[in-house]
Amino acid sequence: MLSGTIALMAAAPAWADQPVEWQVGMQAAATPIMEAIRWFEQYTLWFIVPITLLVLFLLAWVIVRYRASANPVPSRTSHNTLIEVVWTVGPVVILLFLAIPSFQLLTAQYTPTEEPSLTIKATGNQWNWDYEYQLDEPFSFNAAMLQEGQRADFGKEDVAAYPRLLAVDNEIVVPVDATVRVLVTASDVIHAFAMPAFGIKVDAVPGRINETWFKATREGLYYGQCSELCGKDHAFMPIAIRVVSPEMYQEWVAAAGSDLSGANRALMASVEAKSKMASAAE
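On a predicted model such as this, the values are computed, not experimentally measured, just so you know. Every chain is numbered independently, its residues counted from 1 as its sequence is written. Only residues with pLDDT of at least 70 are given local features in this predicted model, and only at 80 or more are side-chain atom pairs given and counted; all residues enter the totals for whole chains, interfaces and linings. Water and hydrogen atoms were dropped before computing side-chain values, which therefore reflect all heavy atoms in the structure.

Asker: Before we go on, may I ask you to explain the sheet that holds strand β1 (residues 118–125) in this structure?
Answerer: The pairing of strands in a sheet comes from backbone hydrogen bonds and takes either a parallel or an antiparallel form. When DSSP finds at least two bridges between two strands, those strands are taken to pair. Only DSSP runs of H or I with at least four residues qualify as helices, and only runs of E with at least two residues qualify as strands; both kinds are numbered from the N terminus onward. Strand order in this open sheet of five strands is β3-β2-β1-β5-β8, and the pairing throughout is mixed. Two strands bound the open sheet, and with one partner strand each, they are β3 (139–143) and β8 (210–215). With direction set aside, neighbouring strand axes in the sheet form an average angle of 25°. In this structure, β1 lies alongside strand β2 (residues 128–133), joined through six bridges in antiparallel fashion. Axis lines are fitted through C-alpha atoms, for helices just across the contact stretch, and the angle between N-to-C directions can take any value from 0 to 180 degrees.

Asker: Whenever I open this one, empty space enclosed by the protein confuses me. Can you help?
Answerer: The probe, sized like a water molecule, is rolled over the atoms to show the empty space still left. Buriedness of a pocket was judged along seven lines, with at least five required to meet protein on both sides within 12 Å; pockets are open sets of points on a 1 Å grid over the protein atoms alone, cavities are sets where a 1.4 Å probe fits but cannot get out, and lining residues have an atom within 4 Å of a point. Grid points are joined across faces, edges and corners, and a volume is the space filled by probe spheres set on the points. Within this structure, the stated rule accounts for one cavity of 30 Å³ or more. In this structure, the largest cavity spans a volume of roughly 30 Å³. Lining of the largest cavity is provided by Ile120, Ala122, Tyr131, Ile172, Val182, Phe193, Phe214 and Ile241. Throughout, the ten residues Ala, Val, Leu, Ile, Met, Phe, Trp, Tyr, Cys and Pro are labelled nonpolar, Asp, Glu, Lys and Arg are labelled charged, and all others, Gly among them, are labelled polar. Looking at the lining of the largest cavity residue by residue, the class counts come to eight nonpolar, no polar and no charged.

Asker: Any chance you could explain the layout of surface pockets here in plain terms?
Answerer: What the largest pocket holds in volume is close to 670 Å³. Along the walls of the largest pocket sit 17 residues, with Leu54, Leu58, Ile83, Val86 and Trp87 positioned nearest its centre. Going through the elements one at a time, α2 (32–65) and α3 (81–109) are the ones with two or more residues in the lining of the largest pocket. For the lining of the largest pocket, the leading source of residues is α3, giving seven residues. Here the residues of the lining of the largest pocket are counted per class, giving 11 nonpolar, five polar and one charged.

So, in structure tokens, the structure goes:
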């Protein structure tokens, strides 16, 4: 069981992210990779917005300036060297400014900055996930979408913290600031392991193991979903990752191998107590 002492350590508000109504932007970043993705999105807007406005202006100008009533005798000009050079060189330069940071980001997404301290194998099934912690004493468990009638059984009545269609019966638990390797595969059809706040999305292909990684820098509970059409219940295959302090994680691991349900309940109680202390201290 998790020690109650852990719940009182370094009280800080828990961070979490999930889809919200009328959301138009990305979820808040919880990893350095996601921060880089959000930066790149904003960076590309400095090119996309001016280009869109320029094209809109040119279209309007051509429509007005060269309409039949204002220009009854059309020009027979077929070439303009300056214009042809500009519309060839300009896009090439713009693409270079986009390609260089894009390739750097793509490389970083598949290159951990340090040797992973934890490896988890995620196997997609129709329509749930199997997770295997590859430790000295490995253990595994299944995670499926939490049914409404199961909330009381799992102590997850709070719909805000455990939203409908996203909450699961057993979350992945990882320590904060730890580099985690995720080995992704599937047992039947192609699925996809995706966690928007972490900036990861990788296909789960039967008979093949793909690899991704993340380093969560904020404690909290984060939600994702299978992002590959995988059958009639594709929309009911959520992913939940709970990021906790290293002390909480070690206590959870020690208990989860023999009593997963008890370890999860103790962890939830500790997280809730820590959150209440943080709120009281504000």
